[in-house]
Protein chains: 2
Amino acid sequence: MNHTSQEELLNGLSRVSAEMPADETLYELADLFRVFGDTTRIKILCALSVSDLCVADIAALLSMNQSAISHQLRVLKQARLVRVARRGRSSIYGLDDDHVRTIFEQGFRHVRHIAPGEEKTHA
Amino acid sequence: MNHTSQEELLNGLSRVSAEMPADETLYELADLFRVFGDTTRIKILCALSVSDLCVADIAALLSMNQSAISHQLRVLKQARLVRVARRGRSSIYGLDDDHVRTIFEQGFRHVRHIAPGEEKTHA
DNA sequence: TGAATATATGAGCAGATGTTCATATATTCA
DNA sequence: TGAATATATGAACATCTGCTCATATATTCA
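Below: a short report on this structure. (Residues numbered from 1 in each chain as written. Chains lettered and ligands numbered in written order. Predicted model: local features only at pLDDT ≥ 70, side-chain atom pairs only at ≥ 80, totals over all residues. Heavy atoms only, no water.)

Residue and element names in this part refer to chain B. With antiparallel pairing, three strands are arranged side by side in an open sheet as β1-β3-β2. Each edge of the open sheet is held by one strand with a lone partner, namely β1 (53-54) and β2 (82-87). In this structure, β2 lies alongside strand β3 (residues 90-95), joined through six bridges in antiparallel fashion. When the bridges of β3 are listed, Arg83 appears paired with Gly94. Along the sheet face, helix α3 (residues 39-50) touches β1, β2 and β3 and points at about 90° away from the line of β3. (Pairing = 2+ DSSP bridges. Helix = DSSP H or I, 4+ residues; strand = E, 2+ residues; numbered from the N terminus. Contact = heavy atoms within 4.5 Å. Axes fitted to C-alpha atoms, helices over the stretch in contact; angles between N-to-C directions.)

Turning our attention to the sheet that holds strand β1 (residues 53-54) of chain A. Residue and element names in this part refer to chain A. One open sheet holds the three strands; their spatial order is β1-β3-β2, and the pairing between them is antiparallel. Of all strands in the sheet, those bounded by a partner on one side alone are β1 and β2 (82-87). Pairing of β1 with strand β3 (residues 90-95), which is carried by two bridges, proceeds in the antiparallel orientation. If you follow Leu53 over to β3, its bridge partner there is Tyr93. Of the strands in this sheet, β1, β2 and β3 are in contact with helix α3 (residues 39-50), which crosses β3 at around 90°.

Attention now moves to the pattern of salt bridges. Throughout the structure, instances matching the rule amount to 12 salt bridges over all chains. With its nearest N and O atoms 3.6 Å apart, the salt bridge here joins A:Asp23 to B:Lys43. You can see A:Asp23 sitting in helix α2 (residues 23-36) and its partner B:Lys43 sitting in helix α3, one on each of two chains. Between B:Arg15 and B:Glu19 there is a salt bridge, with the nearest N and O atoms lying 3.2 Å from each other. Pair noted here: B:Arg15 and B:Glu19 are both in helix α1 (residues 3-19), with a separation of four residues, about one helical turn. (Salt bridge = Lys/Arg side-chain N within 4 Å of Asp/Glu carboxyl O.)

With that settled, consider helix α6 (residues 99-111) of chain B. Its 13 residues give α6(B) an end-to-end C-alpha distance of 18 Å, which sits within 8% of 18 Å, the value for a rise of 1.5 Å per residue. Three or more residues of α6(B) are buried, namely B:His99, B:Val100, B:Ile103, B:Phe104, B:Gln106, B:Gly107, B:Phe108, B:Arg109, B:His110 and B:Val111. Residues of α6(B) that are buried in the fold lie against α2 and α6 (99-111) of chain A together with α2 (23-36), α3 and β3 of chain B. Where α6(B) ends, the next residue or the one after it, B:His113, has phi of about 60°, a positive value. (Expected span 1.5 Å × (residues − 1). Buried < 20%, exposed > 50% of the residue type's maximum accessible area, 1.4 Å probe, protein only.)

Keep in mind that these numbers describe shape and distance, not what the molecule does.
As structure tokens, this is what we get:
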């Protein structure tokens with residue numbers, strides 16, 4: 001490895017380094033995706049994309065402990081992925097905004113090997 | 001809770017249940033997002049979105065152990081998020097397809113509170 | 001108010017995950 | 001071929017995560 005190529009390397013890395021978003025942004029990004037990275041939470045989000053639901057309904061739907069669902073809903077709420085509205089003694093949860101659907105959609109496309117721009121196929 | 005509302009509830013849950021994708025799809029989806037859910041991997045993907053890089057360069061860029069980077073690249077490769085091309089004794093890694101950029105983009109939008117359709121603002 | 005119902009929360013535990021260290025496996029070049 | 005270089009991989013360890021159990025906190029209604 002001669003001097004010139006090492007200089008080029010350093011310049012190249014500096015350029016990459018300069019184009020990287022701030023570390024804090026990258027942490028936030030990883031935090032967001034980490035929330036999507038669990039089957040239980042994915043199922044909850046998927047269910048809520050069909051209909052708003054109370055905690056007990058979600059638990060019944062996933063055949064899971066009420067406590068487990070409640071804990072996960074808290075994680076989802078902290079990530080601003082779901083919102084909650086109290087109605088009587090129930091808490092009705094729903095998706096917080098459309099980012100969730102869009103992020104989902106891209107995930108599906110990757111899993112199903114569909115190019116980002118390409119037409120959506122069903123099932 | 002009377003009989004009618006309980007019946008409605010069951011019907012509602014059945015409907016939600018029917019609209020949910022297959023469990024296996026949801027597992028794959030969670031697996032995909034789990035890969036995005038780590039700061040080191042996010043940084044690697046971010047760097048590769050700027051330029052293809054060899055292992056040593058990525059390690060230098062992130063001030064991290066070569067072994068740690070190599071382990072993470074394997075995870076990224078298994079998820080089909082990066083591809084590798086051997087050039088001499090180096091392995092040059094790059095993003096595998098455009099899903100990565102698109103998923104990133106949506107993540108950024110969420111973190112920065114930009115609506116999915118809305119115009120992109122810089123930095 | 002008090003019983004019943006719905007949800008939230010804290011502690012504890014088992015399993016998963018990311019890093020490091022040591023070392024194995026290419027690949028180049030003298 | 002053998003030394004040097006670049007990457008890959010296995011084992012070990014500390015940390016993180018998600019679930020369960022027990023229990024606390026609303027909220028409704030008789």
